[in-house]
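Coordinate analysis (summary)
One letter stands for each residue in the lines below.
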Amino acid sequence: MSRSFETSEGLRRLLIRLRVCGPRAWEHDPEARELMAYTTLKYQALARKHRCDPTAGAAAAFEAMRTYAVRTATDPWAVVTMAVKVSLIAEERAAGLMCSVDQARRPEFSSQHDVQRFCDTDSDLPSFLPELAVGPVEPVISEQGRPTTAHEAVDATINLFAALGWPRDTATCLLDYIGARLMESGSRPRAHAALRRDHSARALLDLDQAVWSTMLRIILGNPNPDEVYTSDGHGVLLRLLIGHHVTELLDDDLLVFEISDAAPSRRGAVDA
């Protein structure tokens, strides 16, 4: 059995009556409830087509049916359907662009492609976005006109630690021990993993576990895969080898604080 509001003229009469009865008529009028149930079913498929909640079409229809344009249109249902379609398209674009629905309605936003997450592609990032490609690192040329050597990087690190409060003998033993394990293992991640479990080294250098872990991270780099291409992931030794100078390291406030705060002389004074 068809209801009067299913026709354009019937819808017009109902909307005019609801308008005259006041804003709360939509809440209490039985025919208004039937109309909203009808619009929910009517626009459910359209909402799913645009990957929206099934009730989103009814919500958009409700907003449209309260306007003057629908009440006075030649074909109210046609205007409502067009308004619902536009709203659902905007919601779909807003979800894809990760912006508000109001922004998605504006041409400068809607003309953009949907947000693409790195995890959604099987391609490696440089192939997906050539701008992310990183070229080979050029060797650093020292003041003597040749690339920085590993021994020079170790000496510079020792000088850095000594300048930040570490006893030079302790800093030298620390770097020599880590350097030896690094040469044995052949890679920073393997050296870091082996040294992290090396209790004899901590006993030899008289460093607690927290300081030992911090020094391994600072010198060899953070082993977290997410940090591999960052300064924290490189570590002090590699940073010196690939072009960073000691002055650049001293500009890193967090690095300076961590090295200074972990210095045995300073920690001894704090404990005292």
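In the annotation of an unreviewed UniProt entry, the entry for the protein reads Serine/arginine repetitive matrix protein 2, and the organism field reads Nocardioides conyzicola.

Comments concerning the pattern of salt bridges
For the structure on display, the rule yields 10 salt bridges. Taking the shortest distance from any N to any O, the salt bridge between Glu92 and Arg51 comes out at 3.2 Å. A residue pair is termed long-range when its members are at least 10 positions apart, and Glu92 in helix α7 (residues 76-97) and Arg51 in the loop between α4 (44-49) and α5 (56-65) qualify at 41 residues. Looking at Arg51, the relative accessible area reads 66%, which means it is exposed.

Points about the packing of aromatic side chains
To describe a pair of aromatic rings, you give the distance between the ring centres and the angle between the ring planes. Considering all chains together, one arrives at four aromatic pairs under this definition. Among the aromatic residues, those joined into a cluster by ring pairs are Phe5, Tyr38 and Trp77. Against the face of Trp77 rests Lys42, its NZ or CZ located 5.2 Å from the ring centre.

Focus: the nonpolar core
It is characteristic of soluble globular proteins that their nonpolar side chains tend to be buried jointly. One finds Phe161, Trp166, Leu174 and Trp212 to be the most contacted residues of the largest nonpolar core, which totals 33 residues. Residue assignment for this core shows that the elements contributing at least two residues are α11 (150-163), α12 (168-185), α13 (188-196), α14 (199-205), α15 (209-220), α16 (231-241) and α18 (253-261). Per element, the largest residue contribution to this core is seven residues, and it comes from α15. Beyond its immediate chain neighbours, meaning those up to four positions away, Trp212 contacts Leu174, Ile178, Leu195, Arg196, Asp198, Ala201, Arg202, Leu205 and Leu207. Formed by 26 residues, the second largest nonpolar core is a distinct cluster that contains Leu35, Tyr38, Leu46 and Leu88.

Things to note about helix α3 (residues 30-42)
Over its 13 residues, α3 extends 18 Å from the first C-alpha to the last, a length consistent with the 18 Å expected when each residue adds 1.5 Å. Where α3 is concerned, the buried positions are Ala32, Leu35, Met36, Tyr38 and Thr39. Projected onto a plane normal to the axis of α3, the buried residues spread over an arc of 160° and lie on a single side. The inward-facing, buried residues of α3 contact α1 (8-21), α2 (25-28), α5 and α7. Its side-chain oxygen 2.8 Å from the backbone nitrogen of Glu31, Asp29 forms the N-cap of α3.

Digging into α11
For α11, with 14 residues, the first-to-last C-alpha span of 20 Å sits near the 20 Å given by 1.5 Å per residue. Taken together, the buried positions of α11 are Ala153, Val154, Ala156, Thr157, Ile158, Leu160 and Phe161. Looking at the buried residues of α11, the elements they touch are α12, α15, α16, α17 (246-250) and α18.

Reading guide: rules and limits
- Residues numbered from 1 in each chain as written.
- Predicted model: local features only at pLDDT ≥ 70, side-chain atom pairs only at ≥ 80, totals over all residues.
- Heavy atoms only, no water.
- Salt bridge = Lys/Arg side-chain N within 4 Å of Asp/Glu carboxyl O.
- Helix = DSSP H or I, 4+ residues; strand = E, 2+ residues; numbered from the N terminus.
- Buried < 20%, exposed > 50% of the residue type's maximum accessible area, 1.4 Å probe, protein only.
- Phe/Tyr/Trp six-rings, centres within 6.5 Å; stacked < 30°, edge-to-face > 60°.
- Lys NZ or Arg CZ within 6 Å of the ring centre and 35° of its normal.
- Core = buried A, V, L, I, M, F, W, Y, C linked by side-chain atoms within 4.5 Å.
- Contact = heavy atoms within 4.5 Å.
- Expected span 1.5 Å × (residues − 1).
- Arc of directions from axis to C-beta.
- Polar contact = N/O pair within 3.5 Å; in protein donor to acceptor, adjacent residues only side chain to side chain.

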